[in-house]
Amino acid sequence: MGNAIKWVDRRFPLSTFIKHELTDYPTPRNLTSWWNFGFLAGFVLMLQIISGVFLAMHYKPDSMLAFDSVEHIMRSVNYGWLIRYMHSTGASAFFAIIYIHMARSLYYTCFRPPRELMWWSGQVLLLLLMATAFMGYLLPWGQMSYWGAQVITNLFRATPFFGDQIVVWLRGDFSIGDATLNRFFVLHYLFPFIIIGGVFLHLVALHYIKSSNPLGIELDKEDKIPFHPYFTIKDLYGLGLFLIIFCAFVFFKPDMFIEPTNNIPANPMKTPAHIVPEWYFLPFYAILRSIPDLVGGVVAMGASVLIFAALPYLDRSTIPAGAHYRPIYRIMFFVFVLDVVALGYLGAQPPSDETLLYGRLASLLYFSVFVLLPSISIREDRWLRRRGLPKAVEAFIKAEQAEIAEKKAKQRRRGGA
Amino acid sequence: MIIRIVLGLLMFQWAALTLANTERPLTEVELDRSPASLKQGAETVNNVCRGCHDLKFVTFASLEGIGLSSQEIDAMRGNAKASDKLMSYMPSEARHATYGVVPPDLSLMARAREGGAHYIYTLLTSFHTDAEGRLDNTFFPGIRMPDILGYANANAEERRSIESQVAHAAAFLEWAADPNAKQRHRLGWYVLGYLTVLSFLLYKVKKRVWSRLGAAHTPGL
């Protein structure tokens, strides 16, 4: 065994890799359980890929056969129901985990320098996840699959100049049909592997700048503990707890994430009374609906997802660890979370004057949080520093600002020469 | 923090309740899922519903799943093969000619409607004759399906017997829509039990591994 490893090490940096990324990889010892969700997201990605591959062995991406092939999986394939329910519940679990993962980064302002690239790669991963989930939802070829895809692809009509052509190009037909189903299946199979690539970049960036921590400050060397065994066992314990919740849904409430209407085969001639997207798209859907104009709605919905990328510039505070030291920011965080939940609820309601009004107010609040963040964070920063922060935090801010000042001075000197 | 989240969610629940809930009321019926009840339900579906409806995902052989013996299945299927699906006795063209549409497939009906089996029960026990003597359905006004069990014009006693027949059929259709439910629940308890023990052990290991760490160095940690 030892010789075999030596043989490999001579040709491939196996031992150094394990040492550098696991057994020596320094991790802040004060990470809370909220830091478990990155690992869980990776786990669910693998679960989705593996269950998805097995589903694809029995699924038929053909508008005449798709619905029946899913029922075939549910009834005739050995443990097909288990694989299918793991996959359908897994999609919801994936979004729940990613949203918590994002909320953790928001709460502790993990997006602040030097972690902007981690934040932005995460943003790209979120978009890829949304696209994958959206295309996957068409595959069972139920009524909600069909009409959901019809509504969402129709949004691309808002594209300037080529709107109608783009919609036809995406669908491969004038309306959702066999061509759409086939290409969505192909892309739904492809995208997860692109996501793996994105996750790899996300992790390379992480292992280069290392994890942030709930205090935001640079910890003493002694307080950075090796990832293995400390965080491998913590992640495994977290995985156990996650699996209990996940399996409770898979075995006892799998229908909770499948709209009853989606158990009716797609019928292009009959629009369901009430088209709702999956729960994880509801907040964005509510923002889309709250603007009466198609182009305006699409722009607002796109902005509501993409605006997260601007956070490293919108948050002007010098104080690390976000809500941990910043009471105003903490309030804003919880207001934002509640607002997203409210939007989600409103997105699920049939449109009425009431839901429209509340939807508009909630959308306004959603964007105001981002728009007001620069001025609020500057004022809060001044107030808190006047009031005095813990010594370690003061020292951290001083060191960070000295570094920035030095960089600026260097640039000026270079510019002068 | 947690209190604040809970308070928020409560406020939300209140908002949810005040935003008018205009759904038609369902009759919540107690479903008897015993083999005897499912067998009666299967007979009703086979003898009555199949007149116009398909159950294209249910085969005669699969009725073993509700506890029918092969003799009972043989008696039920008549000339059909055991591997045949429970398709309607009437060809779909004839059904289309009669009703203007092909009546919906029933194999997934209990999962394709909000309320599931209760929906089916409510629908079948909502037929009535209005003041002008026209047959209609309070739960689904304008439904094209006839009152095949004669509920609208039945007296109180007959209605009770129809209601119990419908309840058995609804229970059977619930099984037909999700035939693996029983197996899934049984397996689920084992899985949850296993995961609970596993998580507890992992927790113990985690405790032990982390106990190796001394006190923190960084001030304020």
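All values reported here derive from a predicted model rather than from experimental measurement. (Residues numbered from 1 in each chain as written. Chains lettered and ligands numbered in written order. Predicted model: local features only at pLDDT ≥ 70, side-chain atom pairs only at ≥ 80, totals over all residues. Heavy atoms only, no water.)

(A) The arrangement of the overall build of chain B in detail. A count of helices and strands for chain B gives eight helices and four strands. Along its sequence from the N terminus, chain B presents helices and strands in the succession α-α-β-α-β-α-α-α-β-β-α-α. Of all 221 residues assigned to chain B, the portion counted as buried reaches 38%. (Helix = DSSP H or I, 4+ residues; strand = E, 2+ residues; numbered from the N terminus. Buried < 20%, exposed > 50% of the residue type's maximum accessible area, 1.4 Å probe, protein only.)

(B) Spatial organisation of the overall build of chain A. Counting its secondary structure elements, chain A contains 16 helices and two strands. Whereas a compact globule of 417 residues would reach a radius of gyration of roughly 22 Å, chain A reaches 24 Å, a difference of no more than 12%. Over its C-alpha atoms, taken along the principal directions, chain A stretches across nearly 70 × 65 × 50 Å. With the model as given, the accessible surface of chain A reaches about 20,900 Å², and the carbon-plus-sulfur share is 69%. (Rg over C-alpha atoms; globule rule 2.2 N^0.38 Å. Areas by Shrake-Rupley, 256 points an atom, 1.4 Å probe, with all protein chains shown as cover.)

(C) Inspection of empty space enclosed by the protein at higher detail. Residue and element names in this part refer to chain A. Scanning the model with the defined rule gives five cavities of 30 Å³ or more in all. As a volume, the largest cavity reaches approximately 750 Å³. What lines the largest cavity is a set of 34 residues, and nearest its centre among them are Leu55, His87, Gly136, Leu139 and His188. Here the element with the most residues in the lining of the largest cavity is helix H3 (residues 37-56); it accounts for seven residues. Residue classes in the lining of the largest cavity are distributed as 23 nonpolar, nine polar and two charged. What the second largest cavity holds in volume is close to 130 Å³. Every residue lining the second largest cavity is listed: Leu106, Phe308, Leu311, Tyr329, Met332, Phe333, Phe336, Val369, Phe370 and Leu373. If you tally residues by element for the lining of the second largest cavity, the top one is helix H14 (residues 327-348), at four residues. When its residues are assigned to classes, the lining of the second largest cavity shows ten nonpolar, no polar and no charged. (1 Å grid on protein atoms, 1.4 Å probe; cavity = no way out; pocket = protein on both sides within 12 Å on 5 of 7 lines; lining within 4 Å. Points joined across faces, edges and corners; volume = space filled by probe spheres on them. Nonpolar A, V, L, I, M, F, W, Y, C, P; charged D, E, K, R; others polar.)

(D) Structural context of the side chain of Ser211 of chain A. Note that Ser211 of chain A resides in the loop between helix H9 (178-209) and strand S2 (224-226). Residues contacting Ser211 of chain A, with those up to four places away along its chain left out, are Tyr25, Pro28, Leu31, Arg115 and Leu206 of chain A. (Contact = heavy atoms within 4.5 Å.)

(E) Geometry of helix H6 (residues 116-138) of chain A. Its 23 residues give H6 of chain A an end-to-end C-alpha distance of 34 Å, which sits within 8% of 33 Å, the value for a rise of 1.5 Å per residue. Of all 23 residues in H6 of chain A, 17 are buried, a share of seventy percent or more. (Expected span 1.5 Å × (residues − 1).)

(F) Inspection of the confidence of the model for chain B at higher detail. Residue and element names in this part refer to chain B. Averaged over all residues, the pLDDT of chain B is 88; the fraction at 70 or higher stands at 89%. By mean pLDDT, helix H1 (residues 2-18) is the weakest element of chain B at 51, and helix H8 (residues 181-211) is the strongest at 97. Here residues 15-22 is modelled with pLDDT under 50, and outside its nearest four sequence neighbours on either side it reaches seven contacts, counting other chains as well. Taken together, the chains of this predicted complex give a pTM of 0.92 and an interface ipTM of 0.90. (pLDDT = per-residue confidence, 0-100.)

(G) How the structure looks around the packing of aromatic side chains. Counting across every chain of the model gives 40 aromatic pairs over all chains. Taking 5.5 Å as the distance between ring centres and 90° as the angle between the ring planes, the aromatic pair formed by Trp141 of chain A and Tyr146 of chain A counts as edge-to-face. With respect to class, Trp141 of chain A is no different from Tyr146 of chain A; both count as buried. Between the aromatic rings of Tyr230 of chain A and Trp210 of chain B, the centroid separation amounts to 5.6 Å while the plane-to-plane angle is 85°, which identifies the pairing as edge-to-face. With one member in each of two chains, Tyr230 of chain A in helix H10 (residues 227-252) and Trp210 of chain B in helix H8 form a pair that bridges those chains. Note on Trp210 of chain B: relative accessible area 17%, which makes it buried. (Phe/Tyr/Trp six-rings, centres within 6.5 Å; stacked < 30°, edge-to-face > 60°.)

(H) Representation of the layout of surface pockets within the structure. Residues and elements named next belong to chain A. The calculated volume of the second largest pocket comes to roughly 1,500 Å³. In terms of lining, the second largest pocket is formed by 49 residues, of which the most central are Gly38, Phe39, His202, Leu203 and Leu206. For the lining of the second largest pocket, the class distribution of residues is 30 nonpolar, 14 polar and five charged.

(I) Representation of the packing of H10 of chain A against H8 of chain B within the structure. Contact geometry of H10 of chain A with H8 of chain B gives a least axis separation of 9 Å together with a crossing angle of 165°. The pairing of H10 of chain A with H8 of chain B is recorded here as roughly antiparallel in orientation. At the point where H10 of chain A passes H8 of chain B, the crossing takes the left-handed sense. Split by residue class, the contact of H10 of chain A with H8 of chain B holds 24 nonpolar, five polar and three charged. (Axes fitted to C-alpha atoms, helices over the stretch in contact; angles between N-to-C directions. Parallel < 35°, antiparallel > 145°, perpendicular 65-115°, else oblique. Left-handed = near helix turned anticlockwise from the far one by under 90°.)

(J) Representation of a positive patch on the surface. A contiguous patch of positive charge, built from Lys407, Lys410, Arg413 and Arg414 of chain A, is present on the exposed surface. Here Lys410 of chain A is to be found in helix H16 (residues 391-416). (Patch = residues over 30% accessible without salt bridge, like charges linked within 9 Å, V, L, I, M, F, W, Y side chains within 5 Å. Salt bridge = Lys/Arg side-chain N within 4 Å of Asp/Glu carboxyl O. Lys, Arg positive; Asp, Glu negative; His and termini not counted. Charge placed at Lys NZ, Arg CZ, Asp CG, Glu CD.)

(K) Up close: the interface of chain A and chain B. Every contact between the two is made by 49 residues of chain A and, on the other side, 49 residues of chain B. For chain A, the biggest contributors to the area lost against chain B are Arg75, Tyr230 and Phe252 of chain A; these three give 16% of the whole. On the surface where chain A and chain B come into contact, there are two salt bridges. Put simply, Lys56 of chain B and Asp68 of chain A hold a salt bridge, and the shortest N to O gap is 3.2 Å. Along the contact surface separating chain A from chain B lie eleven residue pairs in polar contact (both at pLDDT 80 or more). Sorting the residues of the side of chain A that touches chain B by element identifies helix H4 (66-75), helix H5 (80-107), H10, H14 and helix H15 (353-387) of chain A as the ones contributing at least two each. (Buried area = accessible area lost by both parts, 1.4 Å probe. Polar contact = N/O pair within 3.5 Å; in protein donor to acceptor, adjacent residues only side chain to side chain.)

(L) The arrangement of the pattern of salt bridges in detail. For the structure on display, the rule yields 17 salt bridges over all chains. Between Asp54 of chain B and Arg95 of chain B there is a salt bridge whose closest N-O contact spans 3.3 Å. Here the residue Asp54 of chain B occupies a position in the loop between helix H2 (35-47) and strand S1 (55-59), and Arg95 of chain B occupies one in helix H4 (residues 92-99), the gap between them amounting to 41 residues. The class for Arg95 of chain B is buried, based on a relative accessible area of 3%. Between Glu132 of chain B and Arg134 of chain B there is a salt bridge; the shortest N-O distance is 3.0 Å. Judged by its relative accessible area of 62%, Glu132 of chain B is exposed. Taken together, the shared-partner salt bridges in this structure form one network comprising Asp315, Arg326 and Glu380 of chain A.

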